[in-house]
Each structure stands twice: as C-alpha cells, then as structure tokens.
Amino acid sequence: MPADDGQERPRGEKGREAFRTISEVADELDLPQHVLRFWESKFSQIKPLKRGGNRRYYRPDDVTLLRAIKVLLHTEGYTIKGVQKLFKAQGLRATVAQALGLEDDSVPTSVTAADVADDTEADSAEDVAASDDTGALKALLADLKAIRARLD
C-alpha cells in the first residue's frame, strides 16, 4: 500500500500525517502516558483532538512539539517554567527548531500557529536566585577548567 509520501510502508503502519493515540505517542517518545497528560496541563500549546470517551488524538505537529519539549526537559536540563519562558521569549517555532536541530522554515507552520499563552507567572525570588546560581556555577566551571589546564 503506498504511503502519503510516495514510499511503501508495511501493512498497518500509519502514514507520517496520520493522527496518533496517546499510547502510540508515548511509545514513540519513550515516555509514560501520564507524562504526556501532565505536559498538556503545563503547555497550552499542546492541543490533541479529543474524541468519544475523552480519547486523545495527537496531530503530527503535536508530536513534533512534544519531541522538542522532551529534548529541552530531559536532554538540555530546562525546567518546565524555563521551557515556558523560552516559548514566550524566542517564539514557539524558533524554540522547537533549536531543540530539534532544524532550520526555522522546516518546522511545520501549524506549530507556529499555536498561541503561546502566558503560562509563566511573575518571576519569584526563587527564580531570580536560580538564575543567579546558574551564573555562579558557570563562572565556577570556567575557573575549574582554567585550573585543570594549568595542571595538565
């Protein structure tokens, strides 16, 4: 059976543009389903279609966005609040492109059509302290690298 993109695919395998269930997305991203549901509550940009019985169907762009969020949280070490701030500061499309190592124009345009809601609250003293800690840690790391270079 020919696929949407002109390629042959095994019988029963969905095309690239097909909607995915939460279990399919969870398997594809190697995440538990409850994590995907939690991220939906934290990122208003994730909007799966809900059908009978509240069953979720994720669009390909939703999966792209989830993949970028996973990279930012699990690989890059951002917090949920940090990712929300990135979306607000850089824009959704640029952030997704950066996280996935894509060119801006290769990110699906419907990803950019999602409204970036103001999910972030005013910076608390804790957030300011955390950013100060990050700067201090970076300075410390630079000092340690300089010391190591002297020892080598």
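Look above for the structure.
Because the structure is a prediction, the values reported are computed rather than measured.

Visitor: I would appreciate a short explanation of the side chain of Asp-62 in the present structure.
Guide: Along the chain, Asp-62 turns up in helix α3 (residues 60-75). What Asp-62 contacts, discounting residues up to four positions off in sequence, is Gln-45, Ile-46, Lys-47 and Pro-48.

Visitor: Please explain the nonpolar core as it appears in this structure.
Guide: Looking at soluble globular proteins, one finds that nonpolar side chains tend to be buried together. With 24 residues, the main nonpolar core has Leu-36, Trp-39, Ile-46, Tyr-58, Leu-66 and Ile-69 as its most contacted residues. A total of seven residues in this core trace back to one element, the largest contributor, which is α3.

Visitor: I'm lost on the environment of Gly-82 in this one. Help?
Guide: Mapping Gly-82 onto the fold places it in helix α4 (residues 80-90). A relative accessible area of 17% means that Gly-82 is categorised as buried. Distance in space between the C-alpha atoms of Gly-82 and Leu-72 is 9.1 Å, their sequence separation being 10 residues.

Visitor: Would you mind going over the pattern of salt bridges with me for this structure?
Guide: A pair can form between side chains of opposite charge whenever their charged atoms are brought close. Applying the stated rule across the entire model yields four salt bridges. With a closest N to O distance of 3.8 Å, Glu-28 and Arg-20 form a salt bridge. Among the salt bridges present, the one from Asp-62 reaches Arg-59, with a minimum N-O distance of 3.5 Å. On the basis of relative accessibility, which here comes to 7%, the residue Asp-62 falls in the buried class.

Visitor: I tried to follow the sheet that holds strand β2 (residues 49-51) on my own but got confused; where do I start?
Guide: Working definition: the strands of a sheet are paired by backbone hydrogen bonds and lie parallel or antiparallel to each other. Within the open sheet, the three strands sit side by side as β1-β3-β2. Their pairing is antiparallel. Bordering the open sheet on either side are β1 (20-21) and β2, each of which pairs with just one other strand. Across three bridges, β2 lies against strand β3 (residues 55-58) in antiparallel orientation. Across the sheet, the residue bridging to Lys-50 is Arg-56, located in β3.

Here is what the cut-offs are and how they apply
Residues numbered from 1 in each chain as written. Predicted model: local features only at pLDDT ≥ 70, side-chain atom pairs only at ≥ 80, totals over all residues. Heavy atoms only, no water. Helix = DSSP H or I, 4+ residues; strand = E, 2+ residues; numbered from the N terminus. Contact = heavy atoms within 4.5 Å. Core = buried A, V, L, I, M, F, W, Y, C linked by side-chain atoms within 4.5 Å. Buried < 20%, exposed > 50% of the residue type's maximum accessible area, 1.4 Å probe, protein only. Salt bridge = Lys/Arg side-chain N within 4 Å of Asp/Glu carboxyl O. Pairing = 2+ DSSP bridges.

Functional significance is not addressed by these values, which are geometric in nature.
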